[in-house]
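Observations on the model geometry
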Amino acid sequence: MMAASRLPEIVAPAGNLEKLKMAVRFGADAVYFGGGGFNLRAQADNFTPDEIAKAVEFCAGHGARTVFLVNSFLHEAEIPAAREYIASIQRFPFDAVMVSDPGMLLLLRECGVTAAVHLSTQMSTLNHLAIRFWRGAGVSRIVLARETSLEEIRMIRDHCDAEIEVFVHGALCISYSGRCLLSRYLSGRDANRGDCSHPCRWHYTLVEEKRPGSHLEIAQYNPVASPGGRSVAGTEILSSKDLCLIGRIPDYVSAGVTAFKIEGRMKSLYYAAGTARVYRDAVRLAGTDEFTRRLPFWKEELDLVSHRPYTEDLFNEFGSGGFRDLPMVQKALFLGYAVSAGNGRTAGVKAFNPIRRGETVECIYPIEGDIRDATLHVERIVDGDGLDREMARPGETCRITFDRDVLAHGIFRRRLVDGTDR
Ligand code: SF4
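Notes on the structure follow. Position labels on residues start from 1 in each chain and follow its written sequence. For this predicted model, a pLDDT threshold of at least 70 governs which residues receive local features, and a threshold of 80 or more governs which side-chain atom pairs are given and counted, while totals over whole chains, interfaces and linings are taken from all residues. As a rule here, side-chain values come from all non-hydrogen atoms in the structure, and water together with hydrogens is ignored.

Structural notes on the overall build of the protein
Put simply, the rule is: Runs of H or I in DSSP of at least four residues are treated as helices and runs of E of at least two as strands, each being numbered from the N terminus. Each residue is placed in one exposure class: buried if its accessible area under a 1.4 Å probe, protein chains only, is under 20% of its type's maximum, exposed if it is over 50%, and partly exposed if it falls in between. A contact between two residues is defined here by any heavy atoms of the two lying within 4.5 Å. Residue-level accessible areas treat just the shown protein chains as cover; the underlying method is Shrake-Rupley with a 1.4 Å probe.
Along the backbone of the protein there are ten helices and 21 strands. When burial is assessed residue by residue, the protein has 53% of its 422 residues classed as buried. Considering only contacts within the protein whose residues lie at least 6 apart along the sequence, 67% involve residues at least 24 apart. Of the roughly 18,900 Å² of accessible surface on the protein, 52% is carried by carbon and sulfur atoms.

As for the site of the ligand
To be explicit about the condition: Note on definitions. A residue lies near a molecule or strand when any single heavy atom of the residue is within 4 Å of it. Gly falls in the polar group here, along with every residue not listed as nonpolar (Ala, Val, Leu, Ile, Met, Phe, Trp, Tyr, Cys, Pro) or charged (Asp, Glu, Lys, Arg).
Within the structure, the ligand sits among nine residues, and Cys173, Ile174, Cys180, Cys196 and Cys200 are positioned closest to it. Partitioning the shell around the ligand into residue classes produces seven nonpolar, two polar and no charged.

Remarks on the pattern of salt bridges
So the rule is basically this: Salt bridges are counted wherever a side-chain nitrogen of Lys or Arg sits within 4 Å of a carboxyl oxygen of Asp or Glu.
Tallying each qualifying case throughout the model produces 36 salt bridges. The partner of arginine 345 in a salt bridge is glutamate 379, and the shortest N-O contact between them spans 2.9 Å. Remark: glutamate 379 occurs in strand S17 (residues 374-382) and arginine 345 occurs in the loop between strand S13 (332-343) and strand S14 (346-351); sequence separation between them is 34 residues. Look at the salt bridges and you will find they share partners, linking Arg277, Glu300, Glu301, Glu362, Asp373, Arg413 and Arg415 into a network.

Describing the environment of leucine 245
Here leucine 245 shows up in the loop between strand S10 (242-244) and helix H8 (249-254). Since its relative accessible area comes to 4%, leucine 245 is described here as buried. For the pair leucine 245 and phenylalanine 167, spaced 78 residues apart in sequence, the C-alpha separation works out to 8.7 Å.

Here we look at helix H2 (residues 49-61)
Quick note on the threshold: By this rule, a helix spans an expected 1.5 Å times one less than how many residues it contains. The arc in question is formed by the directions pointing from the helix axis toward the C-beta atoms.
For H2, with 13 residues, the first-to-last C-alpha span of 18 Å sits near the 18 Å given by 1.5 Å per residue. Listed as buried for H2 are Ile52, Ala55, Val56, Phe58 and Cys59. Seen from one end, H2 has its buried residues packed into an arc of 165°, which puts them on one side. Summarising the geometry of H2, the exposed residues directed more than 90 degrees from the buried face are Glu57, Ala60 and Gly61. Among the structural elements, helix H1 (17-25), strand S2 (30-34), strand S3 (65-69) and helix H3 (79-89) are those in contact with the buried residues of H2. Two residues or fewer past H2, glycine 63 is found with a positive phi of approximately 70°.

Points about the packing of H1 against H2
What counts here: To get an axis, fit a line to the C-alpha atoms, keeping to the stretch in contact for a helix; angles then go from 0 to 180 degrees between the N-to-C directions. For classification, angles of less than 35 degrees are called roughly parallel, those exceeding 145 degrees roughly antiparallel, those between 65 and 115 degrees roughly perpendicular, and all remaining angles oblique.
Relative to each other, H1 and H2 sit at 10°, their axes nearing to 10 Å. Between H1 and H2, the interaxial angle falls into the category roughly parallel. Of H2, the residues touching H1 (which contributes Leu17, Leu20, Lys21, Val24 and Arg25) are Glu51, Lys54, Ala55, Phe58 and Cys59. Considering only residue class, the contact of H1 with H2 consists of six nonpolar, no polar and four charged.

Quick notes on the packing of aromatic side chains
Within a pair of aromatic rings, the relevant descriptors are the distance that separates the centres and the angle that separates the planes. What counts here: Two rings belonging to Phe, Tyr or Trp (six-membered ring only in the last case) form a pair when the distance between their centres is within 6.5 Å. Interplanar angles under 30 degrees mark stacking, angles over 60 mark edge-to-face geometry, and anything in between is tilted. Ring-over charges, as used throughout, are those where CZ of Arg or NZ of Lys falls within 6 Å of the ring centre and within 35 degrees of the ring normal.
Here the structure, examined in full by the defined rule, presents eleven aromatic pairs. A ring pair is formed by phenylalanine 402 and phenylalanine 412, whose centres lie 5.1 Å apart and whose planes are at 15°; its orientation type is stacked. On the criterion of sequence distance, the pair formed by phenylalanine 402 in strand S20 (residues 397-402) and phenylalanine 412 in strand S21 (residues 411-415) is long-range, its members being ten residues apart. Among the residues examined, phenylalanine 402 registers a relative accessible area of 1% and is labelled buried. Classification of phenylalanine 412 by relative accessible area gives buried; the value is 2%. Ring-pair connections join several aromatic residues into one group, and the members of that group are Phe33, Phe47, Phe68, Phe92 and Phe94. A cation sits over an aromatic face here: lysine 261 above tyrosine 32, 4.4 Å from the ring centre.

Focus: the nonpolar core
Note that soluble globular proteins tend to have their nonpolar side chains buried in a common cluster. Quick reminder of the rule: Only buried Ala, Val, Leu, Ile, Met, Phe, Trp, Tyr and Cys residues count toward a nonpolar core, and they belong to the same one when joined by side-chain atoms within 4.5 Å. An automatic or database domain assignment provides the domain bounds reported here.
Ranked by internal contacts, the top residues of the largest apolar core, which has 101 residues, are Leu20, Val31, Phe33, Ile246, Ile249, Phe260 and Ile411. A total of eleven residues in this core trace back to one element, the largest contributor, which is helix H9 (residues 269-285). Taken domain by domain, the makeup of this core includes at least three residues from each of domain 1 (4-175 + 240-311) and domain 3 (332-415). Among all residues touching valine 31, those that are not within four sequence positions of it are Ala12, Ala14, Leu20, Ala23, Val24, Cys59, Arg65, Thr66 and Val67. Judged by nonpolar contacts, the second largest core, of 21 residues, contains Ala351, Leu376, Ile400 and Phe402.

A short note on the pairing of strand S5 (residues 116-119)
Sheet faces and side chains relate simply in a regular strand, where the side chains alternate between the two faces. This is how it is decided: Paired strands, as defined in this entry, are two strands with at least two bridges between them according to DSSP. When the strands point away from the viewer, a crossover counts as right-handed if the route from the first strand across the helix to the second turns clockwise.
Summarising the sheet, strand S4 (residues 96-99) and S5 pair through four bridges and their orientation is parallel. Paired with valine 99 across the bridge in S5 is leucine 119. Summarising the sheet, S5 and strand S6 (residues 141-143) pair through two bridges and their orientation is parallel. Looking at S6, one finds that histidine 118 is bridged to arginine 141. In the classification by handedness, the crossover that spans S5, the intervening helix H5 (residues 128-136) and the parallel S6 is right-handed.

In structure tokens, the structure reads:
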């Protein structure tokens, strides 16, 4: 096992304050999030100033670092607004700010922001000379292009001691990380300004020029033969697989990676917490025999968050390239989490999907050495008015009594059969 001080960080996505807290509780060493502007997720629940203050305070109290995103590309006319925006967030003691645009880096320094600067993957940094350039410009950490191979990371490490961060999990683009005009052309929403409508994930059919209403199905995959796959017709011919480097963690740790980043600010609280706990545990155990023993568990856990078919092999580096004919995979439904516990078998549970009296659910916890996950039976549901209920509905917080003790911050889920819920 590596010495604790040298463990690479797990940097988790925080689409809102609730997700941020759970990602940290489940093992994230750092979280990245954006405010009201100039970050590459226009559709995320971006943080208000009040939420930013709470996020910074929570992270400081839990030993986690904050990375604040100002990573959109600046158009000329936006410079005054960017200056104002920076002035409005300058008071927050972030550990780092993330930029893509060198102009934004200059503005941050001009405005007196002293936090460390991380460079986004959007700058497609692939070699140690580019890293040397960015370090000279005051950048302390470089998030490498996803297109950097493991061998290239080793070569970069041979040439420089800069902090390097790599994406370890989550969605990929069919273009160089987000540098894509597909969304802008097809829906008027610009991926380079944080507003991608993901047309590469849309389902496409074939239409013959003289028969405009007649859509011919392209049989890319067979839903019947796809356990856990969504039953959809058509094809996602432009859609990439999702990245999942869990089995390669020891290689990346020994290559000298400083931090592993998980993609997905738009994804669920369950995703943020579940992926953070798996990768935190895997990095902790890298280089030990226990890594190999626990790998099947981590793989199963990552299979239980919604995802497209996984790949660890962007460039057929490990000889496992090729396309598998599976659509989006969803094998578990996120039900909710324990907002309060400590009363034995009863906990306050915030529901995100219906939780029914009499059903059996799974509960996952942060991994602190042992895996404490449990299967629980829902015995009683009491709403905020003290009334017994058959079901906790999405958005409600109810007192739920299980057949065994439940711990604080447990996340509940239900396994799906063939991608469907009952
Ligand atoms: S359309 Fe697809 S490939 Fe293009 S930026 Fe969006 S997610 Fe990436």
